[in-house]
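# Breakdown of the fold
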Amino acid sequence: MEHTRKSSLQWPLIFGLGALGLIHPLTHMTGVAEALGVQAVAPVLILAIALAWILIVGLGNVGRPVLTLVLAGVTYAVYLVVISALLTPILTGELQGPLAMPFVLIPLVLTNAFYGLVAGLLAWGVQGLRRVRTGQAGEAR
């Protein structure tokens, strides 16, 4: 039972991690990033979201961490397209973002899948370090 649970994908987690990534674009859409300074906010948010993904998956009992975070990255990209299509006409009076420039859709998905891949590899590494420490602690007893 443990093997099946650990190796299956946790879709609510994937959808939640994808949604967590929306903090970054929502700060831009709402003007918060501009008020705080875009140059400082963007890299801090991107790193904070990546760190959150890595720690949530790396320290959690999440099977298939790499695939989980690749799918979280793709989910984030889909959410971004939908949110920008819904909010930019309201906030700016015109459609902006990926749907206004359809040629960016595939690069957007691929870039965020790659972001998820890197985060997934790091989370997998965290899981490996945890197993090594647990194994060593078990041998010391």
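Residues numbered from 1 in each chain as written. Predicted model: local features only at pLDDT ≥ 70, side-chain atom pairs only at ≥ 80, totals over all residues. Heavy atoms only, no water.

## Quick word on the packing of aromatic side chains
Taken as a whole and assessed by the stated rule, the structure comprises two aromatic pairs. On the numbers, 5.7 Å between centres and 35° between planes, the contact of Trp11 with Phe15 is tilted. Taken together, the residues span about one helical turn, with Trp11 and Phe15 both in helix H2 (residues 11–20) at a distance of four residues. We classify Phe15 as partly exposed; its relative accessible area is 40%. Look at Trp53 and Tyr115: their rings are 5.4 Å apart centre to centre, the planes differ by 70°, and that puts the pair in the edge-to-face class. One end of the pair, Trp53, is in helix H5 (residues 38–59); the other, Tyr115, is in helix H7 (residues 105–140), with 62 residues separating them in the sequence. (Phe/Tyr/Trp six-rings, centres within 6.5 Å; stacked < 30°, edge-to-face > 60°. Helix = DSSP H or I, 4+ residues; strand = E, 2+ residues; numbered from the N terminus. Buried < 20%, exposed > 50% of the residue type's maximum accessible area, 1.4 Å probe, protein only.)

## Some points on unusual backbone geometry
Even without being glycine, Arg64 reaches a positive phi, approximately 55°. Among the structural elements, Arg64 can be located in the loop between H5 and helix H6 (65–92). In this structure Arg64 comes out as partly exposed when scored by relative accessible area, which is 42%.

## With respect to a nonpolar patch on the surface
Among the surface-exposed residues, Phe114, Leu117, Val118, Leu121, Leu122 and Trp124 lie close enough to one another that they form a single nonpolar patch of about 570 Å² accessible area. Of note, Phe114 is situated in helix H7. (Patch = residues over 30% accessible without salt bridge, like charges linked within 9 Å, V, L, I, M, F, W, Y side chains within 5 Å. Areas by Shrake-Rupley, 256 points an atom, 1.4 Å probe, with all protein chains shown as cover. Salt bridge = Lys/Arg side-chain N within 4 Å of Asp/Glu carboxyl O.)

## Concerning the confidence of the model for the chain
Averaged over every residue, the pLDDT of the chain is 88; the share at 70 or more is 90%. When mean pLDDT is compared element by element in the chain, H2 scores highest at 98, while helix H1 (residues 2–7) scores lowest at 50. Across residues 1–5 the pLDDT falls below 50, and counting only partners more than four positions away or on other chains, this stretch makes two contacts in the model. Per-residue pLDDT stays below 50 along residues 137–141; that stretch engages in zero contacts with residues further than four places along the chain or on separate chains. (pLDDT = per-residue confidence, 0-100. Contact = heavy atoms within 4.5 Å.)

## As for the nonpolar core
Formed by Leu13, Leu17, Ile49, Trp53, Ile54, Val57, Val62, Leu69, Ala72, Ala119, Ala123 and Val126, the largest nonpolar core amounts to 12 residues. Every element with two or more residues in this core is listed here: H2, H5, H6 and H7. Looking at which element gives the most residues to this core, the answer is H5, with four residues. If we ignore the near neighbours within four places in the chain, the residues touching Ile54 are Leu59, Ala119, Leu122, Ala123 and Val126. (Core = buried A, V, L, I, M, F, W, Y, C linked by side-chain atoms within 4.5 Å.)

## A word on the side chain of Thr88
With respect to the helices and strands, Thr88 occurs in helix H6. Here Thr88 falls in the buried class, since its relative accessible area comes to 7%. At 2.6 Å, the side chain of Thr88 forms a polar contact with the backbone oxygen of Ser84. When near neighbours in sequence (up to four residues on either side) are disregarded, Thr88 contacts Ile83, Gly93, Glu94, Leu95 and Gln96. (Polar contact = N/O pair within 3.5 Å; in protein donor to acceptor, adjacent residues only side chain to side chain.)

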